[in-house]
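Secondary and tertiary structure notes
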Amino acid sequence: MREAFRRIYGADPEGIWAAPGRVNLIGEHTDYNDGFALPIAIPQHTLVAARRRRDGRLRLHSAQGDGPVIDLHADRLTPGVVTTWGAYPAGVVWALHEAGHRVGGADLHVDSTVPSGAGLSSSAALECAVAFAYNDLYELGLGPTVLALIAQRAENGFAGVPCGAMDQLASACCTDGAALHLDIRAGTHEQVPFAPQAQGLGLLAVDTRVKHDLGDGAYAALRTGCERAARLLGLAALRDLGPQDLPRVLELLPSRLVRLVRHVVTENARVTQAVSLLRAGQVAALGPILTAGHVSLRDDFRISCAESDLVVDTALAHGAHGARMTGGGFGGSVIVLAEEDRVEPIGVAVTEAFRAAGYQAPQLLPVAAAAGARRVG
Ligand code: ADP
Ligand code: MG
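These numbers come from a predicted model, not from an experiment. (Residues numbered from 1 in each chain as written. Chains lettered and ligands numbered in written order. Predicted model: local features only at pLDDT ≥ 70, side-chain atom pairs only at ≥ 80, totals over all residues. Heavy atoms only, no water.)

Re the domain arrangement of the protein
Here the protein is partitioned into domain 1 (2-193 + 371-375) and domain 2 (196-367). Between the C-alpha centres of domain 1 and domain 2 there is a distance of 25 Å. Between domain 1 and domain 2 lies a buried interface of about 3100 Å² when both sides are counted; carbon and sulfur atoms form 62% of it. In terms of surface lost to domain 2, no three residues of domain 1 exceed Ile-26, His-29 and Tyr-32, which account for 21% of the buried area on that side. If you look at where domain 1 meets domain 2, you find four salt bridges. Our count for the domain 1 to domain 2 interface comes out at 18 residue pairs in polar contact (both at pLDDT 80 or more). Put simply, the parts of the chain that give the side of domain 1 that touches domain 2 at least two residues each are β1 (15-24), β2 (36-37), β3 (39-53), β7 (178-183) and β8 (188-193). (Domains from an automatic or database assignment. Buried area = accessible area lost by both parts, 1.4 Å probe. Salt bridge = Lys/Arg side-chain N within 4 Å of Asp/Glu carboxyl O. Polar contact = N/O pair within 3.5 Å; in protein donor to acceptor, adjacent residues only side chain to side chain. Helix = DSSP H or I, 4+ residues; strand = E, 2+ residues; numbered from the N terminus.)

As structure tokens, this is what we get:
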């Protein structure tokens, strides 16, 4: 990183910061419904080498972004002006300004091992790495939760992606060996021990290598649908419903909204159940909860796709305890929980099934609960 930074900017960076991607164990499309989620940070992460500038310029370079250094002015950032990958890091500087923090310019160089667009939150990793770098360089004294919300604001307000806060909270607040039990409404989170390897289990992320275009508009439509259902039911958010309320309230809604509400309510319950199991040390018992979550996303939310379903079905047929699509949907990655010695044969079987179906080869990424964002150099 230092070498690359020096080559690009002709000076040494003041430091290097890392922020991980994430997989969400359970609790999908619940964050914007004020609900619960249970992500882990993964070992794959984004690095940002940074150096302050006194002249207010904000220069951005990425080993992954093809193209020259992006040259901006930290004081003159407005949403819509940056339309490339630079919107994510520039958005963080904009969001800091908006929140009243007097930060100046910087030179930033980015390099990442989080596959981009794979549902593993490379965008949140990028935002959080930049937010943590700025926090240290400009001595803002902000904690990980506040930095995560700044990062989310950057993605919503500057990059124009209406995501919830789960990805950024996971990248900023997760710790090694634990899942993060998020309560979005309460604004609180709790570490829950998650060490499948200690029980002879493995967690595999399978990047299907597809991202169906449908995804972008559909996310906003799902979010609007959930908000409309809550309004029709006179609730602040779907978080306010429990499984016991379903028979009563589903009669009051049109059928499309019934499906959305059923997913959100049962998914929140699955998070609670998963947390209890993990606290009791029953990691393998998480499997059926993961699979039930997938079925709910496939049949009720209808955001799975043939490739993700093929991973889940193949993994289960080869002895996985459970599997589900993770992330926003319409492609991206699937997580598989299995006995450690089943992980490799499952990977082989999935790869073979993709070949037989004529799909592009998937990428297999063994994952574990890793540390959240931090300074590394
Ligand atoms: P995901 O967050 O699931 O990986 P997104 O579509 O939300 O998918 O974010 C991917 C986008 O984030 C990329 O298209 C790119 O604009 C930006 N991005 C992420 N990581 C990097 C990186 N290392 N360098 C440049 N841009 C990146
Ligand atoms: Mg993203």
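Some remarks on the sheet that holds strand β10 (residues 322-326)
Taken in spatial order, the four strands line up as β10-β11-β9-β12 in an open sheet, and their pairing is antiparallel. Of all the strands in the sheet, the pair left with one neighbour each is β10 and β12 (363-367). Averaged over all pairs of adjacent strands, the angle between their axes in this sheet comes to 25°, without regard to strand direction. Examined bridge by bridge, strand β9 (residues 201-211) and strand β11 (residues 331-339) share eight bridges and lie antiparallel to one another. Bridge pairing in β11 links Leu-204 to Val-336. (Pairing = 2+ DSSP bridges. Axes fitted to C-alpha atoms, helices over the stretch in contact; angles between N-to-C directions.)

Notes on the site of ligand 1
Ligand 1 sits among 17 residues. The nearest are Ser-62, Gln-64, Gly-117, Ser-122 and Ser-123. A distance of 3.5 Å separates an oxygen atom of ligand 1 from a polar atom in the backbone of Ser-121. Between an oxygen atom of ligand 1 and a side-chain N or O atom of Ser-122, the distance comes to 2.6 Å. Protein chains shield 79% of the accessible area of ligand 1, which is 560 Å² for the free molecule. Because more than half of its atoms lie within 2 Å of the grid, ligand 1 is assigned to the largest pocket. Of all elements in the fold, only β6 (105-112) and α3 (122-137) reach the threshold of two or more residues within the shell around ligand 1. Broken down by element, the shell around ligand 1 gets its largest block of residues, three residues, from α3. (Near = heavy atom within 4 Å. Areas by Shrake-Rupley, 256 points an atom, 1.4 Å probe, with all protein chains shown as cover. 1 Å grid on protein atoms, 1.4 Å probe; cavity = no way out; pocket = protein on both sides within 12 Å on 5 of 7 lines; lining within 4 Å. Sits in = over half its atoms within 2 Å of the grid points.)

Observations concerning the nonpolar core
Leu-58, Leu-72, Leu-77, Ala-90, Leu-96, Leu-108 and Tyr-134 are the most contacted members of the largest nonpolar core, which totals 52 residues. The biggest single contributor to this core is α3, with nine residues. Counting residues in each nonpolar core, the second largest holds 40 residues, with Leu-204, Tyr-219, Leu-222 and Phe-330 among its members. (Core = buried A, V, L, I, M, F, W, Y, C linked by side-chain atoms within 4.5 Å. Buried < 20%, exposed > 50% of the residue type's maximum accessible area, 1.4 Å probe, protein only.)

Details of the sheet that holds β3
Judged by pairing direction, the sheet is mixed, and its six strands sit side by side in the order β5-β4-β6-β3-β1-β13 without closing on themselves. At either end of the open sheet lies a strand with only one pairing partner, and these are β5 (70-73) and β13 (374-375). Here β1 pairs with β13 via two bridges, running antiparallel. Counted as the bridge partner of Ala-18 is Arg-374 from β13. The strands that helix α1 (residues 2-9) touches are β1, β3, β4 (57-62) and β6; relative to β6, the one it contacts most, it runs at about 130°. Together, β4, β5 and β6 form the strand contacts of helix α2 (residues 87-98), whose direction differs from that of β4 by roughly 150°. (Contact = heavy atoms within 4.5 Å.)

Observations regarding the pattern of salt bridges
Side-chain pairs of opposite charge can arise where the charged atoms are in close proximity. Counting across every chain of the model gives 21 salt bridges. Put simply, Asp-167 and Arg-22 hold a salt bridge, and the shortest N to O gap is 2.8 Å. In this pair, Asp-167 sits in helix α5 (residues 166-173) while Arg-22 sits in strand β1, placing the two residues 145 residues apart along the sequence. Accessibility classification places Asp-167 together with Arg-22 in one group, the buried group. Between Arg-355 and Glu-352 there is a salt bridge whose closest N-O contact spans 2.8 Å. Taken together, the positions of Arg-355 and Glu-352, both in helix α11 (residues 340-357) and three residues apart, correspond to about one turn of that helix. Under the relative-accessibility criterion, Arg-355 is labelled exposed at 55%. Connected through shared salt-bridge partners, Glu-28, Glu-267, Arg-270 and Arg-324 make up one network.

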